[in-house]
Amino acid sequence: HWLATTDAELTFIGDTQSHNPLAKRDAQFTKVTYCSQRVHIICSGVCTVYQGSPKCLNAPNTNCLAATTNVGFCDPAGSAH
């Protein structure tokens, strides 16, 4: 698992302490990791890890992104596309 060996600075947001054991079975529950740097195929730099329901995330300076489900992108007004 890349989290065990990364030198990235990680911040966890969203439902990080879910008490609902069925949350991960929800089709819309997702984990999104977005980072400021990409070195070859590895995300690095300053990274944020979000898990939870769909929402628009403020992700400036993102150069590497991974998600466990399909994701959309929001415009500056916060509207999903």
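Source: prediction; values computed, not measured.

Here is what the cut-offs are and how they apply
- Going along each chain's sequence as written, the residues are numbered from 1 onward.
- A pLDDT threshold of at least 70 governs which residues receive local features in this predicted model, and a stricter bar of 80 or more applies before side-chain atom pairs are shown or counted, although totals over entire chains, interfaces and linings include all residues.
- Computation of side-chain values covers all heavy atoms of the structure but excludes hydrogens and water.
- For two strands to count as paired, DSSP must find a minimum of two bridges between them.
- Every helix listed is a DSSP run of H or I at least four residues long, and every strand listed is a run of E at least two residues long, numbered separately from the N terminus.
- Between N-to-C directions, angles span 0 to 180 degrees; the directions come from axes that are lines fitted to C-alpha atoms, helices contributing only their stretch in contact.
- Note on exposure labels: buried denotes an accessible area under 20% of the residue type's maximum, exposed denotes more than 50%, and partly exposed covers the range between, all computed with a 1.4 Å probe on protein chains only.
- Residues count as neighbours in contact if any of their non-hydrogen atoms are within 4.5 Å of one another.

Caption draft 1: Structural context of the sheet that holds strand β1 (residues 9-14). Taken in spatial order, the four strands of this open sheet run β1-β3-β2-β4, and their pairing is mixed. Strand pairing shows two members of the sheet lacking a second neighbour, β1 and β4 (64-67), which therefore form its edges. Adjacent strand axes in the sheet meet at a mean angle of 15 degrees, parallel and antiparallel pairs treated alike. Relative to β4, strand β2 (residues 30-39) runs antiparallel, the two sharing four bridges.

Caption draft 2: Here's a closer look at the side chain of Thr 48. Relative to the elements of secondary structure, Thr 48 occurs in strand β3 (residues 42-52). Among the residues examined, Thr 48 registers a relative accessible area of 17% and is labelled buried. In this view, Thr 48 contacts Thr 11, Ile 13, Val 32, Thr 33 and Tyr 34; residues no more than four positions away in its chain are not counted.

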